[in-house]
Amino acid sequence: MSLTHEDVARIARLSRIAVTDAEIEAVGKQLNNILGLIEQMQAVDTDGIEPMAHPQDVSLRLRDDVVTEPNRREACQAVAPQVEKGLFLVPKVIE
């Protein structure tokens, strides 16, 4: 598939990229190279190949789930304007 000058101009306009008439040729060549690479990748037979999340078989190192910060709920609620049953009360803004 080869893009015409009109195709490149339309793609540039839709993507809000300012491309001059002198640049259309170079941009068109770059876009055609990208589309050619996509066609090559689509031509590869991938039947029976399992999708991978990472090219290497790696696993994440997990840390222990330990609380590192103290519970400051009471200190935060002590300076709140209105607290009822442990909840911050805010004025209604949508009727």
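Further up the page is the structure itself.
The shown structure was predicted, so the numbers you read here are calculated from the model rather than taken from an experiment.

Reading the values: the criteria
- Starting from 1, residues in each chain are numbered consecutively following that chain's sequence as written.
- At least 70 in pLDDT is required for a residue's local features to be given in this predicted model, at least 80 for side-chain atom pairs to be given and counted, and no such filter applies to totals for whole chains, interfaces and linings, which use all residues.
- Side-chain metrics rest on all non-hydrogen atoms present in the structure, leaving aside hydrogens and water.
- Numbered from the N terminus, helices here are DSSP runs of H or I no shorter than four residues, and strands are runs of E no shorter than two.
- Radius of gyration: over C-alpha atoms. The globule rule applied is 2.2 Å multiplied by the number of residues raised to the 0.38 power.
- Exposure categories follow from relative accessible area, calculated using a 1.4 Å probe and restricted to protein chains: below 20% of the type maximum is buried, above 50% is exposed, and the middle band is partly exposed.
- Computed with the Shrake-Rupley method and a 1.4 Å probe, the accessible areas treat only the protein chains shown as cover for residues.
- Positive charge is attributed to Lys and Arg, negative charge to Asp and Glu, and no charge count is given to His or to the chain ends.
- To locate a charge, take NZ of a lysine, CZ of an arginine, CG of an aspartate or CD of a glutamate.
- Without a salt bridge and with relative accessible area above 30%, a residue can belong to a patch; like charges are then joined within 9 Å and nonpolar side chains (Val, Leu, Ile, Met, Phe, Trp, Tyr) within 5 Å.
- Any carboxyl oxygen of Asp or Glu that lies within 4 Å of a side-chain nitrogen of Lys or Arg is treated as forming a salt bridge with it.

A.B. asks: If you had to explain the overall build of the protein to someone new, which residues and values would you point to?
C.D. replies: Scanning the protein from N- to C-terminus turns up three helices and two strands. Helices (α) and strands (β) of the protein occur, in sequence order from the N terminus, as α-α-α-β-β. Taking 95 residues into account, the globule formula puts the C-alpha radius of gyration at 12 Å, and the protein, at 29 Å, lies well above it. Each principal axis of the C-alpha distribution contributes one length, and for the protein these read about 70 × 45 × 25 Å. In the protein, buried positions account for 7% of the 95 residues. Surface accessibility of the protein: about 9600 Å² in total, with carbon and sulfur atoms responsible for 56%. Separation of charge centres in the protein, based on 10 positive and 16 negative side chains, amounts to 12 Å.

A.B. asks: Please provide a residue-by-residue account of unusual backbone geometry, values included.
C.D. replies: In this structure, arginine 16 takes a positive phi of about 55 degrees despite not being glycine. On the secondary structure map, arginine 16 appears in the loop between helix H1 (5-14) and helix H2 (21-43). We classify arginine 16 as exposed; its relative accessible area is 74%.

A.B. asks: Tell me what's going on with a nonpolar patch on the surface, and back it up with residues and numbers.
C.D. replies: The grouping of Ile34, Leu37, Ile38 and Met41 at the surface amounts to a nonpolar patch, some 380 Å² of accessible area in total. Residue position: isoleucine 34 is located in helix H2. On the basis of relative accessible area, isoleucine 34 is assigned to the partly exposed category, the value being 48%.

A.B. asks: Report on the environment of alanine 80, specifying residues and quantitative values.
C.D. replies: Mapped onto the fold, alanine 80 is located in the loop between helix H3 (73-78) and strand E1 (83-84). The class for alanine 80 is buried, based on a relative accessible area of 15%.

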